[in-house]
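Chains, contacts and geometry: an overview
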Amino acid sequence: MRPILIVDDAATVRLYHRTILEAEGYEVHEAVNGIEALEKCLSEPFELYLVDVNMPKLDGYGFLRELRAQDVHQAAAIMISTEARMNDQRRAYAAGANAYLVKPVRPPQLRLHAHLLIGRAH
Amino acid sequence: MTALLEQFLSEARDFLQGIGEKLLELEADPGNAELMTALFRMVHTLKGNSGLFDFPEMTRVLHAGEDLMDRVRNGQVQYEKALAGRDGFRWHALRRNRNQRRGWCRPRRRFATALGVPA
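For the structure given in this document, a descriptive report is provided here. (Residues numbered from 1 in each chain as written. Chains lettered and ligands numbered in written order. Predicted model: local features only at pLDDT ≥ 70, side-chain atom pairs only at ≥ 80, totals over all residues. Heavy atoms only, no water.)

1. What about the layout of surface pockets?
- Looking at the largest pocket, its volume works out to about 420 Å³.
- Surrounding the largest pocket, 20 residues form its lining, A:Asn54, A:Glu83, B:Phe40, B:His44 and B:Arg73 being those nearest its centre.
- If you list the elements that add at least two residues to the lining of the largest pocket, you get α4 (86-95) of chain A together with α2 (33-50) and α3 (56-73) of chain B.
- Considered class by class, the residues forming the lining of the largest pocket number 3 nonpolar, 6 polar and 11 charged. (1 Å grid on protein atoms, 1.4 Å probe; cavity = no way out; pocket = protein on both sides within 12 Å on 5 of 7 lines; lining within 4 Å. Points joined across faces, edges and corners; volume = space filled by probe spheres on them. Helix = DSSP H or I, 4+ residues; strand = E, 2+ residues; numbered from the N terminus. Nonpolar A, V, L, I, M, F, W, Y, C, P; charged D, E, K, R; others polar.)

2. Concerning the side chain of B:Thr2
- Among the structural elements, B:Thr2 can be located in the segment before α1 (3-28).
- Within the structure, B:Thr2 has its side chain in polar contact with the backbone nitrogen of B:Leu5 (distance 3.1 Å). (Polar contact = N/O pair within 3.5 Å; in protein donor to acceptor, adjacent residues only side chain to side chain.)

3. Some thoughts on the pattern of salt bridges
- Tallied over the full model, the rule gives 11 salt bridges over all chains.
- Here B:Lys22 makes a salt bridge to B:Glu25, at a shortest N to O gap of 3.8 Å. Here the residue B:Lys22 and the residue B:Glu25 both occupy positions in helix α1, the gap between them amounting to 3 residues, near one helical turn.
- Overall, the relative accessible area of 38% leaves B:Glu25 in the partly exposed class.
- The salt bridge partner of B:Asp70 is B:Arg73, with a shortest N-O separation of 3.2 Å. Here B:Asp70 and its partner B:Arg73 are both found in helix α3, 3 residues apart, which amounts to about one turn of the helix.
- Overall, the relative accessible area of 28% leaves B:Asp70 in the partly exposed class.
- It is possible to trace a salt-bridge network through shared partners that takes in A:Arg14, A:Arg18, A:Glu22 and A:Glu30. (Salt bridge = Lys/Arg side-chain N within 4 Å of Asp/Glu carboxyl O. Buried < 20%, exposed > 50% of the residue type's maximum accessible area, 1.4 Å probe, protein only.)

4. So, the sheet that holds strand β5 (residues 99-102) of chain A
Residue and element names in this part refer to chain A.
- The parallel open sheet is built from 5 strands, whose spatial order is β2-β1-β3-β4-β5. Looking along the sheet, the strands with just one partner apiece sit at the ends: β2 (27-31) and β5. Looking at each pair of strands side by side, their axes are set apart by 20° on average, direction ignored.
- Looking at chain direction, strand β4 (residues 76-81) and β5 are connected through 4 bridges and run parallel. Looking at the pairing, serine 81 lines up with valine 102 of β5. (Pairing = 2+ DSSP bridges. Axes fitted to C-alpha atoms, helices over the stretch in contact; angles between N-to-C directions.)

Below, the structure written as structure tokens:
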């Protein structure tokens, strides 16, 4: 199984992305914010991260920065945001994202990005 | 009704209730930045969720409310009762709209097809 971690505080969005990814055979885990995501990362080796920007406690940028600062194998990360601004995209890549998708993410987009990035190191 | 739609409606109900409560709290404490941030986050998330489905009116109202709150957060507009009254009316209409849609709403057609659920 190829485990993916979805990090988003919106239950509906987590279920939406989970539905798409599980249909492709991926093993999906969830976290509701960056803090919970970091805790899960310590105990499980994920092969891809799907990270929302706006979350309470620790947002997507903060989570990726903390994750990349750890000296362990680094899976690829897709940042997902409601904003398409170039500055937000630059900020995401600077924090450690490998790709940037704008909500609502279309199923073919998500499937393609997961296929291309799964198992790739950052 | 699909599991995704049920999840959306359940979450939307909670968000709409929370938004109404926050608007009332803000009436009594209009300068409270934490309250405004919490309110903004709920509206923002509900807007994002509605974008997964074919609820353009709902998304438009939420987008307008979000823009207004952003201007209040940035100090461009002062929060006052008239604003709350207008927003309160909008959230009431939004809640009525959501209840009316329970019986026949569907996800966006292309998403529905891709997800293998009825469109």
